[in-house]
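Okay, here's what each chain looks like letter by letter:
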Amino acid sequence: MPIREITVILIIVGILLFVFSFLAMTLTYNKTGSGKYSFLGNFPYELNQFKIHSKRSWIYEAMIIFSSLLLGFAIILFLINYYDRTILYFLFGVMIVALVSFNCLFFIKLSNYRLHIIFALIFYFSTFLTFVLELLLLTSNTLMIISTPIINIIIGAIGVVFMAIILVNKNYKNWAKMVKIDAQTYNRPKYNYLAILEWGSFLALLLSYIPIIVALF
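Residues numbered from 1 in each chain as written. Predicted model: local features only at pLDDT ≥ 70, side-chain atom pairs only at ≥ 80, totals over all residues. Heavy atoms only, no water.

Visitor: Would you mind going over the overall build of the protein chain in detail, with residue names and values included?
Guide: A tally of regular secondary structure across the protein chain gives eight helices and zero strands. Starting at the N terminus and ending at the C terminus, the protein chain contains elements arranged as α-α-α-α-α-α-α-α. Considering only contacts within the protein chain whose residues lie at least 6 apart along the sequence, 75% involve residues at least 24 apart. (Helix = DSSP H or I, 4+ residues; strand = E, 2+ residues; numbered from the N terminus. Contact = heavy atoms within 4.5 Å.)

Visitor: Mind laying out the pattern of salt bridges, listing which residues take part and the relevant values?
Guide: Under the defined criterion, the tally for this structure stands at one salt bridge. For the salt bridge of Arg4 with Glu5, the shortest nitrogen-to-oxygen distance reads 3.8 Å. Take Arg4: its relative accessible area is 31%, and that puts it in the partly exposed class. Judged by its relative accessible area of 26%, Glu5 falls in the partly exposed class. (Salt bridge = Lys/Arg side-chain N within 4 Å of Asp/Glu carboxyl O. Buried < 20%, exposed > 50% of the residue type's maximum accessible area, 1.4 Å probe, protein only.)

Visitor: Residues and numbers for the environment of Tyr60, please.
Guide: Positionally, Tyr60 belongs in helix α2 (residues 57–82). Taking the C-alpha atoms as reference points, Tyr60 and Leu17, 43 residues apart in sequence, are found 9.8 Å from one another.

Visitor: Account for helix α8 (residues 209–216), naming residues and giving values.
Guide: Considered for burial, the residues of α8 that qualify are Tyr209, Pro211, Ile212 and Leu216. The buried residues of α8 occupy one face: seen down the axis, they fall within an arc of 155°. (Arc of directions from axis to C-beta.)

Visitor: Outline the nonpolar core, listing residues and values.
Guide: Counting residues in each nonpolar core, the largest one holds 46 residues, and the members touching the most others are Phe18, Phe22, Leu47, Phe202 and Tyr209. Of all the secondary structure elements, the ones that give two or more residues to this core are α1 (3–30), α2, α3 (88–105), α4 (113–137), α7 (193–207) and α8. When residues of this core are assigned to their parent elements, the largest contribution, nine residues, is made by α2. Contacts of Phe202, omitting those with residues within four sequence positions, involve Phe18, Phe22, Phe102 and Phe123. (Core = buried A, V, L, I, M, F, W, Y, C linked by side-chain atoms within 4.5 Å.)

Visitor: Which residues make up the packing of aromatic side chains, and what values do they have?
Guide: Aromatic ring pairs are defined here through the distance separating the ring centres and the angle between the ring planes. In this structure the tally under the stated criterion is 19 aromatic pairs. Pairing Phe18 with Phe102 gives two aromatic rings, centres 6.4 Å apart and planes at 80°, and the pair type is edge-to-face. Separated by 84 residues along the polypeptide, Phe18 in helix α1 and Phe102 in helix α3 bring together distant segments of the chain. Relative accessible area serves as the criterion here: at 1%, Phe102 is assigned to the buried category. Aromatic pair Phe22 and Trp199: ring centres 5.1 Å apart, planes at 85°, arrangement edge-to-face. Here the residue Phe22 occupies a position in helix α1, and Trp199 occupies one in helix α7, the gap between them amounting to 177 residues. For the pair shown, Phe22 and Trp199 are each scored as buried. Site record: aromatic cluster; members linked through ring pairs are Phe18, Phe22, Tyr29, Tyr37, Phe39, Phe102, Phe106, Phe107, Phe123, Trp199 and Phe202. (Phe/Tyr/Trp six-rings, centres within 6.5 Å; stacked < 30°, edge-to-face > 60°.)

Visitor: Which residues make up the side chain of Glu198, and what values go with them?
Guide: With respect to the helices and strands, Glu198 occurs in helix α7. Ignoring sequence-local partners within four residues, the contact set of Glu198 consists of Phe43, Pro44, Leu105, His116, Ala120 and Phe123.

Visitor: Provide a residue-level description of the environment of Val100, including the pertinent values.
Guide: Position of Val100 relative to the elements: it lies in helix α3. Between the alpha carbons of Val100 and Phe119 there is a distance of 9.5 Å; along the sequence they are 19 residues apart.

Visitor: Kindly report on a nonpolar patch on the surface, identifying the contributing residues and their values.
Guide: Residues Phe73, Ile76, Ile80 and Tyr89 make up a contiguous nonpolar surface patch of about 370 Å² in total accessible area. Counting residues per element, the nonpolar patch draws most heavily on α2, at three residues. With respect to the element layout, Ile80 can be found in helix α2. With a relative accessible area of 54%, Ile80 lands in the exposed category. (Patch = residues over 30% accessible without salt bridge, like charges linked within 9 Å, V, L, I, M, F, W, Y side chains within 5 Å. Areas by Shrake-Rupley, 256 points an atom, 1.4 Å probe, with all protein chains shown as cover.)

Visitor: A description of the side chain of Ser67 should follow, citing residues and the corresponding values.
Guide: Tracing the sequence through the fold places Ser67 in helix α2. You can call Ser67 buried: its relative accessible area is 0%.

Now the structure itself:
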């Protein structure tokens, strides 16, 4: 099988495994009686199954790590086999940093506020930089100019505003201490800008693989 097809398959399988893992963990979370998991209000680490001692914890964590490895290996094949421009390896490095920082956010709780914010910043800006580099390096023809998700760069710029709000809002330091009032109500806002930024950056990271797939063809 040609390397091009292998690269595309790795990307698709990696993304599908991510989606399946999060759906499975969301269903497990919803069965704990702690309310419904919300991607607009809950952090990635709150999906971590180790905290509820789930028997499938290791399976889910292994799937997330394996998905990250598949996407990382796909980028290696893409750069080595199709491009000889050294600057593209910087794109590879940025995407790897984004994948690693997201995996770290899956374990670093908000109770460790400073470390959590540091990795949230690294994750956001590495994802944003990924789109900027793709726009600069992969738009060699009209098809790529159209397919490059420029709108995500605009969304990324909006994310800067979100991050500014988060950094000046000292209440986030106390969110880790906010506990359940009853089965459905938590003493914290329904919409969590920091959680939205983290999950939004993850969605943007997955979308960043679209220009790469298009570039292969």
